[in-house]
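# Coordinates in review
As a plain string of letters, each chain reads:
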Amino acid sequence: MEVKNICCIGAGYVGGPTMSVIAQQCPHITVTIVDINAERIAAWNDSDLSRLPVYEPGLAEVVAEARGRNLFFSTDVDGAIAGADMVFISVNTPTKTYGKGKGMAADLKYIELCARQIAAAATSDKIIVEKSTLPVRTAEALKSILHNTGNGVSFHILSNPEFLAEGTAIQDLHRPDRVLIGGENAEAVQALVDIYATWVPRERVLTTNLWSSELSKLTANAFLAQRVSSINAISELCERTGANVDEVARAIGTDSRIGPKFLKASVGFGGSCFQKDILNLVYIARSYGLEEVAHYWEQVISMNDHQKQRFADNIVQTLYNTVSGKKIAFLGWAFKKDTNDTRESAAIYVADALLNEEANIIVYDPKVSAEQVYADLDYLGTRAPKENRRLVSVVDDPYDAAERAHAIAVLTEWDEFRDYDWQRIKDHMMKPAFVFDGRKLLADNRLADLGFTYYAIGE
Ligand SMILES: NC(=O)C1=CN([C@@H]2O[C@H](COP(=O)(O)OP(=O)(O)OC[C@H]3O[C@@H](n4cnc5c(N)ncnc54)[C@H](O)[C@@H]3O)[C@@H](O)[C@H]2O)C=CC1
Ligand SMILES: O=C(O)[C@H]1O[C@H](OP(=O)(O)OP(=O)(O)OC[C@H]2O[C@@H](n3ccc(=O)[nH]c3=O)[C@H](O)[C@@H]2O)[C@H](O)[C@@H](O)[C@@H]1O
């Protein structure tokens, strides 16, 4: 089965970069990425590459190479489905906000809509690839919809979860630790293996049954998040005992069974997926009556919520038990460095807790717009949008953020924060000049020697 035309439904953080790399690496395949969001598609087609809707180091170069050659962005979903041999589904699968499973289960309505649209638009046989992160056994539902509502053409369903991390998406896609493909039909599996094998060493392309592939994605995210919650739990103990969490992480990480990666203590993990996927795993376990399994994984989220809350609490307590009317400068709003994505960022929840105490917050983030900051706070619904705009301002110069601030809170580990003129910052702050480092980023900057009162997570 040779694939000549690929359609990807969903031009988001996954669909955009993933398909751009496939197009770059496979010039013989035409890749069309479609989305119902016309504004997003227009941004992907913008001749000014700095305006692509997703910021990822190296992405603009990949798009520049392939766009218009064999990579296309379009709103014509039906047309792209009809012309494709292989259709990737890469739409969002957020946590349900209503009905059964509210706050826990994945909302599969966008997936189902895609399946129905594929069934209606398809006039020839197709391979359908689940690229979105889905609950185990979703392929069964997809199969049922496709076979019962289609035009008599046949569909083979594959699971091909994506493991890229934001901020390093292009590097992760160029050199993945592994590519995972689950499926029942050997020919369909081979067709997708062949695409990846163009640039990924064959031994790194793993094939499994459908259900293992679907479940492996949720499991991978649960294990990764669990490591962050584990080191964050230890960070609190470090703060009480004089141990230093980075030293502990290094000491345990050199054990090859534990490994050094993903052991950086922080103000809490964010991002669109860790929490959503663990909640989904918990929901699935509970739906099979596996209460202990559900409870076990739930703790990863409880620890993360605790970490964000205690970071905010520490700021309030240290500032003499009141932040009312005080100016707190936030360095960073994105959920990690090198991305403009703010979904579930710890900064949102820390800000919310401080705003409940009537703090004034001034945000600086090199890649996040004021609009986005307000949208994130408004989405919580804790207070009126007008109130968020009264209490929070967003600036595009870090030194302006620090001006007359009572404290600085570091929420994202952007490299540039290390290189600031910290003496200049201190000179313009209220005294004592407090820094609360939620990323342990400035531990080597000798802020205490400069006269700051410096607190870092885990020391
Ligand atoms: N963001 C990440 O780093 C990763 C995300 N994932 C998974 O990938 C999936 C997609 O995530 P993101 O790309 O972050 O989401 P996103 O929200 O950035 O993009 C999804 C896109 O799908 C579009 N869409 C929804 N329904 C549609 C329809 N019926 N027809 C056409 N377009 C439609 C939306 O307009 C949106 O632009 C999720 O399941 C997520 O869990 C997996 C690995 C990494
Ligand atoms: O399914 C997904 O969406 C993706 O989720 C994560 O990727 P991502 O959320 O983009 O970024 P990570 O690097 O995993 O960071 C997640 C959060 O954990 C935090 N983190 C990470 C590592 C660490 O040691 N400490 C720590 O606090 C980060 O600051 C960030 O807030 C996974 O790493 C990807 O493999 C997966 O594909």
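Residues numbered from 1 in each chain as written. Chains lettered and ligands numbered in written order. Predicted model: local features only at pLDDT ≥ 70, side-chain atom pairs only at ≥ 80, totals over all residues.

If you check an unreviewed UniProt entry, the chain appears there as UDP-glucose 6-dehydrogenase from Parapedobacter indicus. Listed in UniProt under the heading Pathway (unreviewed entry), the comment for the chain reads: "Nucleotide-sugar biosynthesis; UDP-alpha-D-glucuronate biosynthesis; UDP-alpha-D-glucuronate from UDP-alpha-D-glucose: step 1/1." (UniProt positions renumbered as here; feature names shortened; annotations may be inferred.)

### Describing the site of ligand 1
Taken together, the neighbourhood of ligand 1 is formed by 27 residues, with Gly10, Gly12, Val14, Ser132 and Thr133 sitting nearest. The element best represented in the shell around ligand 1 is helix H5 (residues 109-121), accounting for 3 residues. In the shell around ligand 1, the residues fall into 13 nonpolar, 10 polar and 4 charged. (Near = placed C-beta within 6 Å. Helix = DSSP H or I, 4+ residues; strand = E, 2+ residues; numbered from the N terminus. Nonpolar A, V, L, I, M, F, W, Y, C, P; charged D, E, K, R; others polar.)

### Topic: the pairing of strand S7 (residues 179-183)
Most of S7 is tucked away: 5 of the 5 residues are buried. Where strand S6 (residues 155-159) lies against S7, 2 bridges are found, and the strand directions are antiparallel. Counterpart to serine 159 in the pairing with S7 is glycine 182. As paired elements, S7 and strand S8 (residues 205-208) share 4 bridges and run parallel to each other. Its bridge partner lying in S8, valine 179 is registered against valine 205. Each parallel crossover has a hand, and for S7 linked through helix H8 (residues 186-196) to S8 it is right-handed. (Buried ≥ 20, exposed ≤ 12 C-beta atoms within 10 Å, placed from the backbone. Pairing = 2+ DSSP bridges. Right-handed = clockwise from strand over helix to strand, strands pointing away.)

### Some words on the domain arrangement of the chain
For an interface, size is often stated in terms of accessible area lost upon the parts coming together. Along its sequence, the chain is organised into domain 1 (5-208), domain 2 (218-301) and domain 3 (305-456). Relative to domain 3, the C-alpha centre of domain 2 lies at a distance of 24 Å. Between domain 2 and domain 3, the residue contacts involve 12 residues of the former and 17 residues of the latter. Residue composition of the side of domain 2 that touches domain 3, by class: 3 nonpolar, 7 polar and 2 charged. (Domains from an automatic or database assignment. Contact = placed C-beta atoms within 7 Å.)

### Section: the site of ligand 2
Contacts to ligand 2 come from 20 residues, most closely from Lys264, Ser266, Phe269, Gly271 and Cys273. Top element by residues in the shell around ligand 2 is helix H9 (residues 210-241). It accounts for 3 residues. Shared between two domains, the shell around ligand 2 takes at least three residues from each, and those domains are domain 1 (5-208) and domain 2 (218-301).

### Details of the nonpolar core
Val87, Ile328, Phe330, Val350 and Leu354 are the most contacted members of the largest nonpolar core, which has 142 residues in total. Broken down by element, the residue count for this core peaks at 9 residues, all from helix H13 (residues 346-356). Among all residues touching valine 350, those that are not within four sequence positions of it are Val267, Lys308, Phe311, Ala312, Ala409 and Leu411. (Core = buried A, V, L, I, M, F, W, Y, C linked by C-beta atoms within 7 Å.)

### Re the sheet that holds strand S14 (residues 453-456)
Here 6 strands make up an open sheet; going across it, the order is S11-S10-S9-S12-S13-S14 and the pairing parallel. A single partner strand is all that each edge strand has here, and the edge strands are strand S11 (392-394) and S14. Each strand axis lies, on average, 20° off the axis of its neighbour in the sheet, ignoring direction. The sheet contact formed by strand S13 (residues 434-437) and S14 spans 4 bridges and is parallel. Note on S14: the bridge partner recorded for phenylalanine 434 is threonine 453. (Axes fitted to C-alpha atoms, helices over the stretch in contact; angles between N-to-C directions.)

### Some thoughts on the packing of helix H11 (residues 274-287) against helix H12 (residues 291-318)
The interhelical angle for the contact between H11 and H12, taken along N-to-C directions, is 165°, at an axis separation of 8 Å. Put simply, H11 runs roughly antiparallel to H12. For the pair H11 and H12, the crossing hand works out as left-handed. In contact with Gln275, Ile278, Leu279, Leu281, Val282, Ala285 and Arg286 of H11, H12 contributes Glu291, Val293, Ala294, Trp297, Glu298, Val300 and Ile301. (Parallel < 35°, antiparallel > 145°, perpendicular 65-115°, else oblique. Left-handed = near helix turned anticlockwise from the far one by under 90°.)

### Comments concerning H12
Structurally, the α-helix is built with 3.6 residues per turn, so residues lying three or four positions apart point the same way. Spanning 28 residues, H12 covers 39 Å between terminal C-alpha atoms, matching the ideal 40 Å at 1.5 Å per step. The complete set of buried residues in H12 reads Trp297, Val300, Asn304, Gln307, Lys308, Phe311, Ala312 and Ile315. In the core, the buried residues of H12 are packed alongside H9, H11, strand S9 (327-331), H13, strand S12 (407-410) and S13. With its phi angle positive at about 60°, tyrosine 320 sits one or two positions after the end of H12. (Expected span 1.5 Å × (residues − 1).)

### Side note on unusual backbone geometry
At the junction of lysine 431 and proline 432, the peptide bond is cis and its omega measures out at -5° in the coordinates. By the secondary structure assignment, proline 432 is in the loop between helix H17 (422-427) and S13. Positioned with a positive phi, glutamate 344 is a non-glycine residue whose angle comes to about 55°. Within the secondary structure layout, glutamate 344 lies in the loop between S9 and H13. Phi is positive for arginine 404, close to 60°, though the residue is something other than glycine. The topology assignment puts arginine 404 in the loop between helix H16 (398-402) and S12. For arginine 404, a count of 10 C-beta atoms within 10 Å corresponds to the exposed category.

### Some words on the sheet that holds strand S1 (residues 5-9)
Ordered in space as S3-S2-S1-S4-S5-S6-S7-S8, the 8 strands form an open sheet in which the pairing is mixed. Both edges of this open sheet fall to strand S3 (71-74) and S8, since each of them pairs with a single strand only. Adjacent strand axes in the sheet meet at a mean angle of 25° when their direction is disregarded. Its contacts with the sheet put H8 on strand S4 (86-89), strand S5 (126-130), S6, S7 and S8, and the angle it makes with S7 is roughly 165°.

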